[in-house]
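So the chains spell out like this:
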Amino acid sequence: MEGPNIQVASTGAQFPLQLEVTTVGRGNHVDVRLEDPSVSLLHAELVRRGPYVYVMDLGLSRNGTRVNGRLVARRLLADGDALSFGSARCRISGIATDENHDAEHLRSSAPELTRRELDVIASLCRPALSEDAFIAPATAREIAADLVVTEAAVKQHLLRLYTKLRIPEGSNRRIRLANEVIALGLAKPELPGEPNGTRTQSPPSHGPPAHAPPSHASPAHGQPTPPQSAQAQSAQAQSAQTQSAHALPVPRQSGPVPRSGGS
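Residues numbered from 1 in each chain as written. Predicted model: local features only at pLDDT ≥ 70, side-chain atom pairs only at ≥ 80, totals over all residues. Heavy atoms only, no water.

Chemist: So what exactly am I meant to see when it comes to the nonpolar core here?
Modeler: Proteins that are soluble and globular tend to have nonpolar side chains buried together. Ranked by size, the top nonpolar core spans 24 residues in total, and within it Ile121, Cys125, Ile143, Leu158, Leu161, Leu177 and Val181 carry the most contacts. If you list the elements that add at least two residues to this core, you get α2 (115-129), α3 (140-147), α4 (151-164) and α5 (173-183). Discounting residues that sit within four places of it in the chain, Ile121 has contacts with Leu113, Leu161, Val181, Leu186 and Ala187. By size, the runner-up hydrophobic cluster in this structure holds 20 residues, among which are Val39, Leu46, Val55 and Val72. (Core = buried A, V, L, I, M, F, W, Y, C linked by side-chain atoms within 4.5 Å. Buried < 20%, exposed > 50% of the residue type's maximum accessible area, 1.4 Å probe, protein only. Helix = DSSP H or I, 4+ residues; strand = E, 2+ residues; numbered from the N terminus. Contact = heavy atoms within 4.5 Å.)

Here it is in structure tokens:
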């Protein structure tokens, strides 16, 4: 679908934005109707101004409007932002990003992170971004279980993230880290049926496994050979004897036998 549009996560339905104002709510006369009791009859508006789109909460609902998990009154949107109207979740797409100055500013202020650090960020923020109201981010133990790594490794990654993102020491440091990465757009909510956009695969390991079983290598070609059973060894011996019986005699070599190696 060309142009700015909004997709409803629960149904997968996509709605193109109107040329100026697109209304969102539970009422029968809105442009994007969300059948969710937490959504107001007239909940919010999506406003287009040239290439820009911003969302405006109309203040008629106790549940509010969120962009990437953060409660907002009015917010300029970027392509791929997750919107929550009450409990109803949506995704905005089709917005031109080449002139989005706010997104450029956020990208320039974000530090350079490794893929494993992005994994830790995604796991850290997942609880806070998957609920209607803010809850505490994941603990180091929960992140370790999610990423199948040790808790000590997660704590080392968190320490590096505190340094890179300049999170000072003090109480609630993990919560302040989660707030910072969400504000920078480094973590976005996962909508139902969508893969995690922040998570990246770990680089493949080129070395041998740490506890690899010893291989039975053939001295001729170096290829691993599985150990043979006694029955297979007996059959192989009989086959070798049969081939030896039918083989042609090898003529003896006349003259001195050359010595191997150097003189």
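We are not done yet, so read on.
Chemist: Explain unusual backbone geometry to me, please; I cannot follow it from the model alone.
Modeler: Generally, phi is negative for residues other than glycine and the peptide bonds are trans, each holding for most cases. A positive phi angle is found at Val148, which is not glycine, with a value near 55 degrees. You can see Val148 is positioned in the loop between α3 and α4. For Asn172, which is not glycine, the phi dihedral falls at a positive 55 degrees.

Chemist: For this particular structure, what's the right way to read the confidence of the model for the protein chain?
Modeler: Caution is warranted with low-pLDDT regions, since their predicted coordinates should not be read in detail. On average, residues of the protein chain score 75 in pLDDT, and 63% of them are at 70 or above. Of all secondary-structure elements in the protein chain, the lowest mean pLDDT belongs to helix α1 (residues 101-109), at 51, while strand β3 (residues 21-25) reaches the highest, 97. Note that residues 197-223 has pLDDT below 50 and, in this model, 26 contacts with residues that lie over four places away or in other chains. Low confidence marks residues 244-251, where pLDDT is under 50. Its contacts with residues over four positions away, or in another chain, come to zero contacts. (pLDDT = per-residue confidence, 0-100.)

Chemist: I keep staring at the environment of Leu165 and nothing clicks. Help me out?
Modeler: One can find Leu165 in the loop between α4 and α5. Classification of Leu165 by relative accessible area gives buried; the value is 8%. Look past the residues within four positions of Leu165 in its chain and what remains in contact with it is Pro111, Leu177, Glu180, Val181 and Leu184.

Chemist: When you look at the packing of α4 against α5 in this model, what are you seeing that I'm missing?
Modeler: Helix packing for two helices is described by the angle between their axes and how far apart those axes are. Look at α4 against α5: their axes get within 11 Å of each other, and the N-to-C directions meet at 60 degrees. Put simply, α4 runs oblique to α5. At the point where α4 passes α5, the crossing takes the left-handed sense. In this structure, α4 contributes Leu158, Leu161 and Tyr162 to the contact, and α5 contributes Arg173, Arg174 and Leu177. Across the contact of α4 with α5, the residue classes break down as four nonpolar, no polar and two charged. (Axes fitted to C-alpha atoms, helices over the stretch in contact; angles between N-to-C directions. Parallel < 35°, antiparallel > 145°, perpendicular 65-115°, else oblique. Left-handed = near helix turned anticlockwise from the far one by under 90°. Nonpolar A, V, L, I, M, F, W, Y, C, P; charged D, E, K, R; others polar.)

Chemist: Just checking my understanding: could you explain the pairing of strand β6 (residues 52-57) for this structure?
Modeler: Side-chain direction in a regular strand flips from residue to residue, so the side chains alternate between the two faces of the sheet. Judged by how many residues are buried, β6 sits mostly within the fold: five of six residues are covered. The hairpin turn running from strand β5 (residues 44-49) into β6, its antiparallel successor, is two residues long, and Gly50 in that turn takes a positive phi close to 65 degrees. Pairing of β6 with strand β9 (residues 74-76) involves three bridges; the strand directions are antiparallel. When the bridges of β9 are listed, Met56 appears paired with Arg74. (Pairing = 2+ DSSP bridges.)

Chemist: How should the sheet that holds strand β11 (residues 88-93) be read in this particular structure?
Modeler: The strand order across the open sheet built from six strands is β2-β1-β11-β10-β7-β8, with neighbouring strands paired in antiparallel fashion. A single partner strand is all that each edge strand has here, and the edge strands are β2 (14-16) and β8 (70-72). In this sheet, neighbouring strand axes are inclined to one another by 30 degrees on average, regardless of whether the strands run parallel or antiparallel. Of the strand pairs in this sheet, strand β1 (residues 5-8) and β11 are connected by four bridges, and their pairing is antiparallel. For Val8, the partnering residue across the bridge sits in β11 and is Cys90.

Chemist: Sorry if this is basic, but what is going on with the sheet that holds strand β4 (residues 32-33) here?
Modeler: Strand pairing in a sheet relies on backbone hydrogen bonds, with the paired strands running either antiparallel or parallel. The five strands are arranged β4-β3-β5-β6-β9 in an open sheet whose pairing can be described as mixed. Pairing within the sheet leaves two strands with one partner each, and these edge strands are β4 and β9. Looking at chain direction, β5 and β6 are connected through six bridges and run antiparallel. Within β6, the position partnered with Arg48 by the bridge is Val53.

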